[in-house]
Each structure stands twice: as C-alpha cells, then as structure tokens.
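A structural walkthrough
Listed here are the chains, written in short residue letters.
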Amino acid sequence: MTPQDAAEILRRYALLLDLLDEDAFKARAFANAARTLDEQTESIEHLIAEHRLASIKGVGKAVEAVLKELTERETFKDLEDAQQRVPQGVMELLRIQGLGPKKARVLWQQAKIMSVDELETAIRAGSLPTLPGIGEKTLNNFLESIEFLRVAAGRHHRHFATREMVILHDELQRVTGVHAIYFGGSLRRGCETIGDLDVLVVAEPGAVGVVSDKVRAIPGMNWTNTDGEIWSGATANGFPVELSIIAPEKTCARLVLITGSKQHYQALCQHAAKLGFALTKDGLMDGSGSGVKLATERDTYRALGLEPVPPALRETAETLVPLGSNPFLRPVERRDFRGILHNHSTYSDGLNTIRQMAEAMMAYGYDYLGIADHSRAAAYASGLTPQRVKEQWQEIDALNRELAPFRILKGTEVDILPDGRLDFEDDLLADFDYVVVSIHSKFQMTEEEATARLCGALENPHVDILGHPTGRLLLQREGYSIQHERVIQCAAKHRKAIELNCNPYRLDLDWRWLARCEELGVPVPINPDAHSIPELNHMQYGADVAAKGPLTAANCPSTWTADEFLNWCRNRKKPT
Ligand SMILES: [Zn+2]
Ligand SMILES: [Zn+2]
C-alpha cells in the first residue's frame, strides 16, 4: 500500500469522526498523520518491516496499529464502524466549499439531506427548513460550489499526474523494443489540472507488434481498450491513460497532436491546409502528397513557416506566428532558482525544523531559504506570538553562523485580518527581512471586499509579497474572487511582489496573469509554501505553470541572490 493511499483512508476516517462529532482530538491526530504520510516515498509494508513507522512524525501508537491493519485488510475496524453510521452521500457533501462537518451534520440530521443532488434540488426548490448557521447567502454559495464540482469531476492535480507519469514511464522504459516515450496533453502543457495521461510510445522500426504485446501485459495497468490506434486504460492507482504505439517516422506529427490543445492543433491543421499541406496524425504531406521529412517536433512548425511554439503556450491559436518573428520569452526554469521565500517550520504548522529545511535546501543546491511562519491569528496553524518570533530569530542567527555561506532569511506570513488590518504591529513587521501577507480567514466576501482587503494590505510599507492571492484550492474550492487587474496595479504602484504559490493544490496567482505582472514590472516569486522537506520539490510545478505566462527569470525573485532580494525589499529596486 502506498503511503498516499493510506493517507487518503486516514483522512476519510478523520472526516467521519468530525461528522459524527465524537472525538475531535482523535480526528486531528489522524488528519495530521495523513499529512505526514503524503510525503513518504516507501510503501507502508516496507516501513512496517523495517520498524520505522513510529519514527515518522505524527504517527503515534493508534495510527501505527491502524496502518498495520490496513496493510492486511485495506480497511480497519473503527473506520468500518464509522462508515456504517454515515451515509456515503453525506460524506460527499463535504466536497462543497464552505460546507464542513458541522454543517453537513446539520443538513443530514435536521433536514435529512443525504447527497449533493438532494441538497441542490432542495435549495433550488426552496424546500429546506431554517437551519442554524445556514442562511440564504450560504445556500447560494453552496449552489455555486456544486456547479464548480461538476466541472472539476474527472480532473486531477499536477502532483498526482506527475507521480503516475513517472511510474508509467519507468514501466515503459523496461519494455524491449521501445525507442522513445513521450507524455503530451495538459501535463506537458503545464496546466494546473490534468484529465488523463496522453502517452506516445515510439517502437523501434518493425517492433510495433512486439511492443504492443508487452505494453498490454504491464502488471497493474488496467486496459479497457487496446484495439485501435489509441488505447485507453488506467494505472494501478486509477489514473486514466490514453496511449498509442507508433513507428518512428510518425513521431513528430503525433507528438504535436497529443500535446494539443485541441484549439491550437486545429488552427495548425487549418494553417497547413491553407498552404496546400495536410497535417495528419501520421505526418505532414506537401501539395504533391509526399511526406515532409521532420527530424523534430519543432520542424513541424518550421515546415509550415511558423515559429515553433513551446508546449506551455499551446492553449490557443494566437501563438501561431510567422517564422523569424521570435516572439517567445524564455521562461524561468528550475535550474534558475537560487532560493525560495515562503516556507514553514515546526515553529508554526511545518513538519520539519528550520535546520532540517535548511540542510535539505543546501543538499538541493539552493543558496538561501526563507522561513515565513504564520502569525498569531492563525491559531489552527500554531501562529507565532511576537515572543516566539524573537526566539525564532535567535535560532536563525545561530544557524546562519553555522551554515554560512548558506543563508536563512527571516520572513513571516502575516494574516490579513477580516477587517483588513495585519496581524502583527508595524514595528515588529519592520524588523523582519521580508513580509508575506495572506488571507486565511473569512473567505465569504464580495469581489470588491476581497480586492480592497488585499490592496489595503499591499499599501502597508512593510509588506513585500502577496501570498496565494485568491485562496483557491484547485478542484476543491474556488477561492474568493478578486479583481486581478486592480490587485496587480496596486502591487505595481507600491512596488510589491505577488507570489505564484506552487503548491499543486493552489498554483495561485493564476498563470493567466503572469504576463500582466511582467508588463507592469511586478515581480513574481515562485513559492512552494512548503510545510515539509518533500514539498520543497513543488518548485517544479511552479516552473511548469510559469512557462505558460511566461514568467521570465529576471522577473522572478526566486532566481535572485539573497542580497538582491533583500536589497529589493529595502529599496524596491530590481537587480539589473
Ligand atoms: Zn498561507
Ligand atoms: Zn504559507
């Protein structure tokens, strides 16, 4: 059993306990354990065999016993009991934004609502009784969220897709006769969420048949259709796959096709037709019907008189431009990163100490680490009191003496309170190296209120970076709406930065606004918001999505040196 699958089950149990309103302490313990397990890489069986479960933070005796039972039965007694008492549909209510276990319990027990569909029907018919804590505004929000959920169905987060891609890639690589493997689709285009893995397997000349037989037999893959050109199925973890096995000469044209987007590909085909060419899934034919020789995917564009379009920019037809116009800026890449600014430690809700985080960063080759733990209002995340902040600074000073030339910067992620004030006094904020401001509470606001709340915070002279601007959780909650244009203009005016939070659930600032930030000179640091060492690797998702803006290295403080960044905080002058 993978630790992620185990985490999923523990999380489910924690929610059931909350729904039943029975043991809040136990629910919290299981939810925390799930979070730690998410970041493990070895199977639960392996961890048990090596007696290492208990050494994982957050895994106490109770959780350990449950994990052992899970590996034997894929479920556990307490979970089964809890499941018996809560209808499946009631659990699903929890996927609605703003509908936590408390409200779900009220809807279930007082209004006999037992599914998302029933709730939607009842709201639309106005047939719900008056319920505590659930007013008309809340119900309207529920409706909006239900519509959102219907759109989100069938999409998956980037980290899940990436993990499945790596596993499948390894399997395919072991197949003899495979010449090359490509992954296209929204994964290759750097999209926030992924529907399925679009895979291209190029067989050695004459080996399509042999490779097909072997791919069909890959253990764990569940193929539903392997008859035609495009196979469909799912990985052992249930991730949908579309796969083709082709001869080498078809590679370029097919890669363009499976990368998409549909809109971009159709425009490309139409452009080819206008020139008298035919672009098909198997190749590019000229007017006389003979195939054009293509050595690389980029040649497909060049042969049609077009600038090769980077995969990340293939969302629309607009990026089709004449060869020689060279319009594409080089996006920031992972190798450009020198430091990262928004991370948490055990001082607030992180799982690793500052030292552990710093040593991991050093091992990854970074020059500096910014710690930005939560401020005191974030009680759920053990936000720091001013006293704790001072203690943290002492520890950072000592570590900096020891780890030099590596540097740890003293930041904070200070809450923007519901009334717009910041959660720390100005004189404390002034003493941090830098200040990130974020909203973590009272998400129910109008677009105008949310925009004003953010802009007000950006006006504070001690603030440097706006954190996760909309608070969205991809496929889970929409976040509050804001007027991006106004927020970016405000950041430009006060010379503040807006982060691209690259936690795969957030990817917020939305990449569609990166070009605007570039235009107005608003720097965009890529921040993993890491709460543990493995989450530092989320930087890759930031780079993937940043390529869609694109965000350039020069406008991304994650590529600056620590001194360049601190100098910008003091003088608001970008490094040249
Ligand atoms: Zn935050
Ligand atoms: Zn954070």
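Presented here is a report on the structure given in the accompanying data block. (Residues numbered from 1 in each chain as written. Chains lettered and ligands numbered in written order. Predicted model: local features only at pLDDT ≥ 70, side-chain atom pairs only at ≥ 80, totals over all residues. Heavy atoms only, no water.)

1. Section: the coordination of the zinc ion (ligand 2)
- Protein ligation of the zinc ion (ligand 2) involves His 342 (NE2), His 344 (NE2), Glu 413 (OE) and Asp 529 (OD), the donor distances falling in the range 2.1 to 2.2 Å.
- As a motif over one chain, the donors of the zinc ion (ligand 2) read H-x1-H-x68-E-x115-D.
- Between the two metals, the zinc ion (ligand 2) and the zinc ion (ligand 1), the spacing is 3.3 Å, and Glu 413 donates to both. With His 342 in the loop between β10 (339-340) and α16 (354-364) and Glu 413 in strand β12 (residues 407-415), this pair connects stretches of sequence that are 71 residues apart. Taken as a pair, His 342 and Glu 413 share a single burial class, namely buried. (Donors = N, O, S within 2.8 Å, 3.2 Å for Na, K, Ca; no water. Helix = DSSP H or I, 4+ residues; strand = E, 2+ residues; numbered from the N terminus. Buried < 20%, exposed > 50% of the residue type's maximum accessible area, 1.4 Å probe, protein only.)

2. Structural notes on the coordination of the zinc ion (ligand 1)
- Looking at the zinc ion (ligand 1), the protein donor atoms are Glu 413 (OE), His 440 (NE2) and His 468 (NE2), and they sit 2.1 to 2.2 Å from it.
- All donors to the zinc ion (ligand 1) come from one chain, and their sequence spacing reads E-x26-H-x27-H.

3. Observations regarding the nonpolar core
- In this structure, Ile 408, Val 437 and Ile 526 are the most contacted members of the largest nonpolar core, which totals 67 residues.
- Excluding anything up to four places from it in sequence, Ile 408 contacts Ile 354, Ala 358, Leu 369, Ile 371, Ile 396, Leu 399, Asn 400 and Leu 403.
- If you look at the next biggest cluster of nonpolar residues, it comprises 53 residues, including Ile 56, Val 59, Leu 93 and Leu 94. (Core = buried A, V, L, I, M, F, W, Y, C linked by side-chain atoms within 4.5 Å. Contact = heavy atoms within 4.5 Å.)

4. A word on the pairing of strand β11 (residues 368-374)
- Burial analysis of β11 places seven of its seven residues in the buried class, the great majority of the element.
- Two strands pair when backbone bridges link them, and β10 and β11 are joined in this way by two bridges, in the parallel orientation. Counted as the bridge partner of Gly 339 is Tyr 368 from β11.
- After leaving β10, the chain enters α16 and then returns to the sheet as β11, a path that is right-handed.
- As paired strands, β11 and β12 are joined by seven bridges and run parallel to one another. Bridge pairing in β12 links Leu 369 to Ile 408. (Pairing = 2+ DSSP bridges. Right-handed = clockwise from strand over helix to strand, strands pointing away.)

5. Thoughts on the pattern of salt bridges
- Taken as a whole and judged by the stated rule, the model has 46 salt bridges.
- Here Asp 38 and Arg 11 are joined by a salt bridge, their closest N and O atoms 2.4 Å apart. Of the two residues, Asp 38 sits in helix α2 (residues 24-38) while Arg 11 sits in helix α1 (residues 3-20), which places them 27 residues apart along the sequence.
- Under the relative-accessibility criterion, Asp 38 is labelled partly exposed at 26%.
- With a relative accessible area of 28%, Arg 11 lands in the partly exposed category.
- In this structure, a network of salt bridges that share partners links the residues Glu 229, Lys 250, Arg 254, Lys 281 and Asp 282. (Salt bridge = Lys/Arg side-chain N within 4 Å of Asp/Glu carboxyl O.)

6. A word on the side chain of Asn 555
- By the element assignment, Asn 555 lies in the loop between α22 (539-546) and α23 (562-571).
- Discounting residues that sit within four places of it in the chain, Asn 555 has contacts with Cys 517, Glu 518, Gly 521, Val 522, Pro 523, Val 524 and Lys 574.

7. Looking at α1
- Helix length check: α1, at 18 residues, gives a terminal C-alpha distance of 26 Å against a target of 26 Å (1.5 Å per residue), a fit within 8%.
- Elements in contact with the buried residues of α1: α2, α3 (44-49), α4 (61-73), α5 (77-85), α6 (88-93) and α7 (101-111).
- Count one or two residues on from α1 and you reach Asp 21, which has phi positive near 60 degrees. (Expected span 1.5 Å × (residues − 1).)

8. Section: the sheet that holds strand β5 (residues 222-225)
- Spatially, the five strands line up as an open sheet ordered β2-β4-β7-β6-β5, and their pairing is mixed. Edge positions in the sheet fall to β2 (178-183) and β5, since each has one partner strand and no second. Each adjacent strand pair in this sheet contributes to an overall mean axis angle of 30 degrees, direction not counted.
- Along the sheet, helix α13 (residues 251-259) makes contact with β2, β4 (197-203) and β7 (240-246), crossing β4 at roughly 175 degrees. (Axes fitted to C-alpha atoms, helices over the stretch in contact; angles between N-to-C directions.)

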